[in-house]
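Coordinate analysis (summary)
Now for the letters of each chain:
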Amino acid sequence: KIPEFKYCAVRVTAGGRFDLEDIEGLEMVHQFNPKIGLVYNLSDATLVRASAGRGFRAPSIAEVYTTTEAGGIIILPNRELTRERSWSFEIGGSQTISEHLRADISLFRNELWDFIEPAFGSDAFVHFQNITRARVTGVELALNMNFFKGLLGGQVSYTYVDPRDLTLDDILKYRPRHLFYISGTLALERVRLGADFRYLDRTQRIDELFKLIIPDGDRRAPIYVTDVHLGADWKCAGLSLTTSLHV
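Anyway, here's the lowdown on the structure attached to this text. This structure is a prediction, so every number in the text was calculated from the model and none was measured.

Some words on the overall build of the protein chain
Per the secondary structure count, the protein chain includes two helices and 15 strands. Relative to the compact-globule value of 18 Å for 247 residues, the protein chain shows a C-alpha radius of gyration of 23 Å, a clear excess of over 25%. Each principal axis of the C-alpha distribution contributes one length, and for the protein chain these read about 60 × 45 × 45 Å. Contacts in the protein chain between residues at least 24 apart in sequence constitute 52% of all its contacts with a sequence separation of at least 6. Counting only carbon and sulfur atoms, one obtains 59% of the accessible surface of the protein chain, whose full area is about 15600 Å². Side chains of the protein chain give 29 positive and 32 negative charges; the mean places of these two sets differ by 5 Å.

Next up, the structure:
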């Protein structure tokens, strides 16, 4: 990684990573992935940022070798899978509103080639396949809060995503467009209590063949997830320990 350097109010970080994956039964794949990021401080309270980088993801062991059945749907291996390739771009900024509030906005775009998704094959079974050229664009808005010198903190964020299958000129399957997230944490001296809530809207598109295999297979609904977590720091025999409970 190239060390970052500063010029006036601009900070530039550049680097790269070499990925090599060798999965038994597949051809060895490798790729060099550069990345560059810039941060410009307009003032003590305002900064803008931009980044660009190339990505690489080899198929997972599960995607290559899974053999299973769920709900009458049979999933079989695919030893012809190859790597996903991508370029990602982001531009954003943050504004410190007060000592308690900071707002953030980011615009992102991901270009993907040989995108891996589960799909029905010509044999009527499901396989993970390199099926499409895809593009995912979106915007994320976030508000971070901190009160009483860190005793109470929280975050509220909203993300809009446009996941496109460029091969079919349609939305990607199994993906929502709207995501909402809110969290809060109460941090006492040795105890932390927190709660998170996530909302994902109704999936826009699924595989049409589900309608033929599963009764009401095209029925979809929004997703609501609530997590509550409790953590405590303590000592035993001179060792610092942390215990947590998540529901």
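Brief notes about the packing of aromatic side chains
Scanning the entire structure with this criterion turns up three aromatic pairs. Arranged with centres 5.3 Å apart and planes meeting at 45 degrees, the rings of Y199 and Y224 form a pair that is tilted. Taken together, the positions of Y199 in strand β13 (residues 191-200) and Y224 in strand β14 (residues 223-236) put the pair 25 residues apart, joining distant regions of the chain. An aromatic cluster is present here, built from F197, Y199 and Y224 joined pairwise through their rings.

Some details on the layout of surface pockets
In this structure, the largest pocket occupies an estimated 260 Å³ of space. Contributing to the lining of the largest pocket are 16 residues, with P34, K35, G53, R54 and S88 lying nearest its centre. Among the elements of the structure, β2 (10-21), β3 (29-41), β4 (46-57), β7 (84-96) and β8 (101-120) are those that each provide at least two residues to the lining of the largest pocket. When residues of the lining of the largest pocket are assigned to their parent elements, the largest contribution, five residues, is made by β4.

Structural notes on unusual backbone geometry
Phi at D114 takes a positive value of approximately 55 degrees, unusual for a residue other than glycine. Note that D114 resides in strand β8. Although it is not a glycine, F148 adopts a positive phi angle of roughly 55 degrees.

Some words on the pairing of β7
Each regular strand shows side chains that alternate between the opposite faces of the sheet. Pairing geometry for β4 and β7, over 12 bridges, is antiparallel. Across the sheet, residue A52 finds its bridge partner in β7, namely F89. As defined by bridge partners, β7 adjoins β8 across 12 bridges and the pair is classed as antiparallel. When the bridges of β8 are listed, G92 appears paired with S106. With antiparallel pairing between neighbouring strands as the criterion, β7 and β8 make up a hairpin whose turn holds four residues.

Some remarks on the pairing of strand β15 (residues 239-246)
A small share of β15 lies buried, amounting to zero of its eight residues. The pairing of β14 with β15 spans eight bridges and is classified as antiparallel. Bridging across to β15, W234 finds its partner in L241. Once β14 ends, the chain turns through two residues before running back antiparallel as β15, passing A237 with a positive phi of about 55 degrees.

Calculation rules
Along each chain, residues carry numbers from 1 onward, in the same order as the chain's sequence is written. Whole-chain, interface and lining totals are the exception, using all residues; otherwise, since this is a predicted model, local features are given only for residues with pLDDT of at least 70 and side-chain atom pairs are given and counted only at 80 or more. Computation of side-chain values: all heavy atoms of the structure, hydrogens and water removed. Here a strand is any run of E in DSSP of at least two residues, a helix any run of H or I of at least four, and the numbering for each starts at the N terminus. We compute the radius of gyration from the C-alpha atoms alone; for a globule the expected value is 2.2 Å times N to the 0.38, where N is the number of residues. Contact between two residues is taken to exist if any of their heavy atoms lie within 4.5 Å; hydrogens are not considered. Method for areas: the Shrake-Rupley scheme with a 1.4 Å probe, in which residue coverage is limited to the protein chains shown. When charges are counted, neither His nor the chain ends are considered; positive counts come from Lys and Arg and negative counts from Asp and Glu. The atom standing in for a charge is NZ when the residue is Lys, CZ when it is Arg, CG when it is Asp and CD when it is Glu. Any two rings among Phe, Tyr and Trp, with Trp reduced to its six-membered ring, count as a pair given centres within 6.5 Å; such a pair is stacked if its planes are under 30 degrees apart, edge-to-face if over 60, and tilted if neither. Cavity and pocket criteria rest on a 1 Å grid covering protein atoms alone: a 1.4 Å probe that fits but cannot get out defines a cavity, protein on both sides within 12 Å along at least 5 of 7 lines defines an open pocket, and an atom within 4 Å of a point defines a lining residue. Grid points are joined across faces, edges and corners, and a volume is the space filled by probe spheres set on the points. A pair of strands counts as paired when DSSP detects no fewer than two bridges linking them. Exposure classes here rest on a 1.4 Å probe applied to the protein chains alone. A residue is buried below 20% of its type maximum, exposed above 50%, and partly exposed in between.

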